[in-house]
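The primary structure of each chain is shown beneath.
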Amino acid sequence: MSAHHDDHHHAPDGHGRALRLGVGGPVGSGKTALVAALCRVLGPSTRLGVVTNDIYTTEDADFLRAAGVLDGERILAVETGCCPHTAIRDDIAANLDAVETLEHRFGPLDLVIVESGGDNLTATFSRGLADRQIFVLDVSGGDKVPRKGGPGVTTADLLVVNKTDLAPMVGADLGVMARDAAAVRGDRPVLFTSIRREPEVAKVAAWVSVQLRAWSERPVSAG
Amino acid sequence: MHPALLLLTDSRLPAGGHAHSGGAEQAVASGAVHDLPSLSAFLRGRLHTSGRVATAFAAACCAACGAARAAPDAPPGTPPWTGLDAEADARTASPAQRAASRIQGRLLLRVARRVWPAPALDSLALAVPDPHHPVALGAAAHAAGASPGDAALAAAYHAVTGPATAAARLLGLDPVEVHRLLADLAPDLKELASLVSGPETAWAELSAHSAPALDLLAERHARAAVRLFVS
Ligand SMILES: Nc1nc2c(ncn2[C@@H]2O[C@H](COP(=O)(O)OP(=O)(O)OP(=O)(O)O)[C@@H](O)[C@H]2O)c(=O)[nH]1
Ligand SMILES: [Mg+2]
């Protein structure tokens, strides 16, 4: 080991670093599809990095690399040892390290997206890891899910209800989902998507762009 | 025992430890660990080999923070981090185990610098940004106000609790029985911590026990296509 490296443990106040966006939600709801879409849409105008948290393999990272939406080196996979929610909420060390590694290697970056391993309705990101978070549900889980609530549904900065194309097939009522989500979320936004039908995810990308602008324009003293 | 040690050894310490099994996942995958008696043997073996080395280094690094023995070209009072870390490296044969130890060391160092800010931790981060875990643990223990003996106890405890929890999850073992195994190891933990030598000990004299089976498990784990734990 050679001596006198740069000391790149970041200060926690967040000044001068990328916006960190968490993408969480149950298994298979479309998190990776959304991350891929955001990279495709925002990539040309945004300096990006992605961290994935697969449960068993590096599948999500491999998928994103194969999709060619982002230079493969800008995608890091974190292993979470049986507990995907621990890695985004209680012990965020490995994820934070991956985010900072990306910023150190490729920085300055504008946006680092952290995709959680698929988990349950209580899994949310620590504010120490994610500045903003999106919770992705899918309609095939049943239109009762927003009513069931849980911190992911109620507190995420943006709730995305994906796979609306499947609603007729599973008998899900999108109106019920919108009403129940509004009831537990107050003013916080909800967007319905079908990434299959509309891979540009225009509404979600627009929401992320607004967050990016607010982040880059925030006062210096703010965290 | 200093109360800060409770924080340093708590599995809820947000320093990334939950994602490491210390070879237990591969031991389970290979069938070597499959029930409580085989887990007990695994833990005892781990404690008295790599655990023993970790114990010696955590104590030595904690003591080095207290001693005035400075690195040759560093400001006075700077512990000889690169030398100590190289000694730990030389005792870790498996590259996968080195990597696992260094990532855990780096994450612990990050947490410790925020929780117990101290010049010794800053100098460690500057000299070795990703130190071996026992090196970081010794430095963190000193920053938290604990003694070398405390640091040793924490290292010994860390050597067995992570693998025990991982095995409980992977095999669906009764968690109370797994904790009974850990409790049975208490005399061994105490013994290891008491073996720790003083700050005047030459580094070459520090424990150099090895466990080839753990090295092989670590290497196999790093190459496994499917795994839950980092190591
Ligand atoms: N019909 C339909 N399928 C979709 C849509 N979005 C994603 N999918 C499919 O749903 C499956 C799961 O999508 P992923 O993006 O891998 O889901 P994920 O949430 O990342 O899954 P995990 O990371 O395993 O939890 C894939 O086969 C996608 O092609 C959609 O809008 N409609
Ligand atoms: Mg995914």
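The rules we used
Residue indices follow the written sequence of each chain, beginning from 1 at its first position. Each chain takes a letter, starting from A, and each ligand takes a number, starting from 1, following the order in which they are written. Local features in this predicted model are restricted to residues of pLDDT 70 or higher, and side-chain atom pairs are both shown and tallied only at a pLDDT of 80 or more, whereas totals for entire chains, interfaces and linings draw on every residue. For side-chain calculations, the full set of non-hydrogen atoms in the structure is used, while hydrogens and water are omitted. UniProt positions are given in the numbering used here, feature names are shortened, and annotations may be inferred rather than shown by experiment. Any two residues whose heavy atoms approach within 4.5 Å are treated as being in contact. Reported buried area values correspond to the accessible surface (1.4 Å probe) lost by two parts on association, with both partners' losses combined. Should a side-chain nitrogen of Lys or Arg be within 4 Å of a carboxyl oxygen of Asp or Glu, the pair is scored as a salt bridge. Secondary structure elements are defined from DSSP: runs of H or I of at least 4 residues count as helices, runs of E of at least 2 residues count as strands, and each element is numbered from the N terminus.

Chain B is annotated in an unreviewed UniProt entry as Urease accessory protein UreF of Nonomuraea cavernae. The annotation that UniProt attaches to chain B under Sequence similarities (unreviewed entry) is "Belongs to the UreF family."

Named according to an unreviewed UniProt entry, chain A is Urease accessory protein UreG originating from Nonomuraea cavernae. Under Subunit (unreviewed entry), UniProt gives the following word-for-word description of chain A: "Homodimer. UreD, UreF and UreG form a complex that acts as a GTP-hydrolysis-dependent molecular chaperone, activating the urease apoprotein by helping to assemble the nickel containing metallocenter of UreC. The UreE protein probably delivers the nickel." Regarding chain A, the relevant UniProt record gives this comment under Function (unreviewed entry): "Facilitates the functional incorporation of the urease nickel metallocenter. This process requires GTP hydrolysis, probably effectuated by UreG."

Chemist: I keep staring at the interface of chain A and chain B and nothing clicks. Help me out?
Modeler: Many descriptions give the size of an interface as the accessible area lost when the pieces come together. Between chain A and chain B, the contact holds 26 residues from the first and 30 residues from the second. Across the chain A to chain B interface the summed buried area is about 2,500 Å²; carbon plus sulfur atoms make up 56%. There are four salt bridges connecting chain A and chain B. For the salt bridge of A:Glu79 with B:Arg227, the shortest nitrogen-to-oxygen distance reads 2.3 Å. At the level of secondary structure, the elements contributing two or more residues to the side of chain A that touches chain B comprise helix 3 (84–90) and helix 4 (93–106) of chain A. Counting residues per element, the side of chain A that touches chain B draws most heavily on helix 4 of chain A, which supplies six residues.

Chemist: What am I meant to see in the UniProt feature "domain: CobW/HypB/UreG nucleotide-binding" (unreviewed entry) in chain A here?
Modeler: As annotated by UniProt and renumbered to match this structure, "domain: CobW/HypB/UreG nucleotide-binding" (unreviewed entry) occupies residues 22–191 of chain A. End-to-end, the C-alpha atoms of residues 22–191 of chain A are 16 Å apart, and along that stretch the chain is 39% helix and 18% strand.

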